[in-house]
Amino acid sequence: MESTLVKLTVQGVMPDAIPNSESQVVILQDESKTNTLPIWVGVAEGTAIRLALESVVPPRPLSHDLIRNLTEQLGLKISKVVVTDVKNNTYYASIYLRSKESDTQSELTVDARPSDAIALALRTSSPIYVTQEVLDHLAPENVDPWLKMLGSKEFGGTV
Amino acid sequence: MLTQMHIRGLMFDPYTNAYIVILRDESNTEMLPIWVGKPEASAISFAMEGITTPRPMTHDLMKVILDTAEAKVISVVVTDLKDNTYYAKIHLSYEDSEYSIDARPSDAIALAMRSKAPVFVNDNVIRKNNSEDMDRWLENLKPEDFGKYDA
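The residue numbers shown here count from 1 along each chain, following its written sequence. Both sets of labels track the order of writing: A upward for chains, 1 upward for ligands. Residues qualify for local features only when their pLDDT is at least 70, as the model is predicted, and side-chain atom pairs are given and counted only at 80 or more; totals for whole chains, interfaces and linings, by contrast, use all residues.

### A few points about the overall build of chain B
Labels follow the DSSP assignment, with helices taken as runs of H or I lasting at least four residues and strands as runs of E lasting at least two, numbered in each case from the N terminus. The helix and strand tally for chain B stands at six helices and seven strands. Residues classed as buried in chain B amount to 39% of the 151 residues present. Working definition of a contact: two residues with C-beta atoms, positioned from the backbone, lying within 7 Å. Of the contacts formed within chain B by residues at least 6 apart in sequence, a portion of 52% connects residues at least 24 apart. We call a residue exposed when 12 or fewer other C-beta atoms sit within 10 Å of its C-beta, buried when the count reaches 20 or more, and partly exposed for counts in between; the C-beta positions come from the backbone.

### Quick look at the sheet that holds strand 1 (residues 2-13) of chain B
All names here are of chain B. Reading across the sheet, the seven strands line up as 3-2-1-7-4-5-6 and stay open at both edges, with mixed pairing between neighbours. A strand with exactly one partner marks an edge of an open sheet, and here the two such strands are strand 3 (31-36) and strand 6 (97-103). The mean angle between the axes of side-by-side strands here comes to 35 degrees, regardless of whether they run parallel or antiparallel. Pairing of strand 4 (residues 72-82) with strand 5 (residues 85-94) involves nine bridges; the strand directions are antiparallel. Note on strand 5: the bridge partner recorded for K82 is T85. At least two bridges found by DSSP between two strands are what make those strands a pair. Each axis is a line fitted through C-alpha atoms, and for a helix only the stretch in contact is used; angles between axes span 0 to 180 degrees, taken between their N-to-C directions.

### Observations concerning the pairing of strand 7 (residues 128-131) of chain A
Both faces of the sheet carry side chains from a regular strand, because those side chains alternate between them. Residues and elements named next belong to chain A. Alternating positions in strand 7 separate into two faces, I128 and V130 on one and Y129 and T131 on the other, with burial throughout. Of the strand pairs in this sheet, strand 1 (residues 5-15) and strand 7 are connected by four bridges, and their pairing is antiparallel. Its bridge partner being in strand 7, K7 is matched across the sheet by Y129. In terms of strand pairing, strand 4 (residues 76-87) meets strand 7 through three bridges, oriented parallel. Residue pairing across strands places V81 opposite I128, the latter belonging to strand 7.

### Some points on the interface of chain B and chain A
Each partner contributes residues to the interface: chain B has 21 residues there, and chain A has 21 residues. Among the elements that make up the side of chain B that touches chain A, the one with the highest residue count is helix 2 (residues 58-68) of chain B (eight residues). Residue polarity follows a fixed list, in which Ala, Val, Leu, Ile, Met, Phe, Trp, Tyr, Cys and Pro are nonpolar, Asp, Glu, Lys and Arg are charged, and the others, Gly among them, are polar. Here the residues of the side of chain B that touches chain A sort into 13 nonpolar, four polar and four charged.

### Quick look at the sheet that holds strand 4 of chain A
Residues and elements named next belong to chain A. Strand order across the open sheet formed by seven strands is 3-2-1-7-4-5-6, with mixed pairing between neighbours. Strands with a single pairing partner mark the edges of an open sheet, and in this sheet they are strand 3 (36-41) and strand 6 (108-112). When the angles between neighbouring strand axes are averaged without regard to direction, this sheet yields 35 degrees. With five bridges connecting them, strand 5 (residues 90-99) and strand 6 associate as antiparallel partners. The residue of strand 6 that forms the bridge with S94 is D111. Across the sheet, helix 3 (residues 114-123) lies against strand 1, strand 2 (24-30), strand 3, strand 4, strand 5, strand 6 and strand 7, angled at about 150 degrees from strand 4, the strand it touches most.

As structure tokens, then:
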């Protein structure tokens, strides 16, 4: 059964609220800003996402730039990425790929961490979705602190 | 001319705060150190030690995308050294065509190890590889560093 998908955009990447944490938090929101999805990512992936948000083009292709270049050269188009599931605090995502000749019926799906999926989506201007189920499982206590930070001046700064 | 090389070690360089991947040819006569960043070093060390993570890391994803599309990594080649930057190419076959894609050696090596593809180095690069650089870090190597990750 196809689940309902909600389109999200990346609002920013910020340091984790826990001091000395190695993690960063990617904040995604839907268009109406009624749903907010925080996703914890590693430093490398956080950096990869931030560079794409800031449209920084590094002198040499970084890992996610390479994935984009690989898929582009092979004529594979990333049609969307979807945050599909959350289990034991781990988020799961799928990347949907389409070859030039193929129709929508023969889309390829690849399992990925949301951090990689988002870093890739931003580099290929592909839409990012989350399933309604994932949003339904979000605990408000996990989201509210980030909503507060979204409104604060601290947000948007580089780490 | 290309020389096939194997990944023989990974170590931390305290001078540059970076990691060094050590490539050697079959006969151990040629050696090439390549400086890489921390995430790429861990991607390479996972492959060296055969560690699989519960979730696919970035280079695992790279491999899975290629596998899913039925594209095959034929080889990777460290092609050039300019202003202390190494350049590499990933050679792929896909739907009866061959492709070569520009990459950093760290990404290319991390992918080659996961795809069981051979790694080659252009002889120009081996020659250009500055002997002063080599001496500097070789002096600081302890024998135990060297064998540590020997494959």
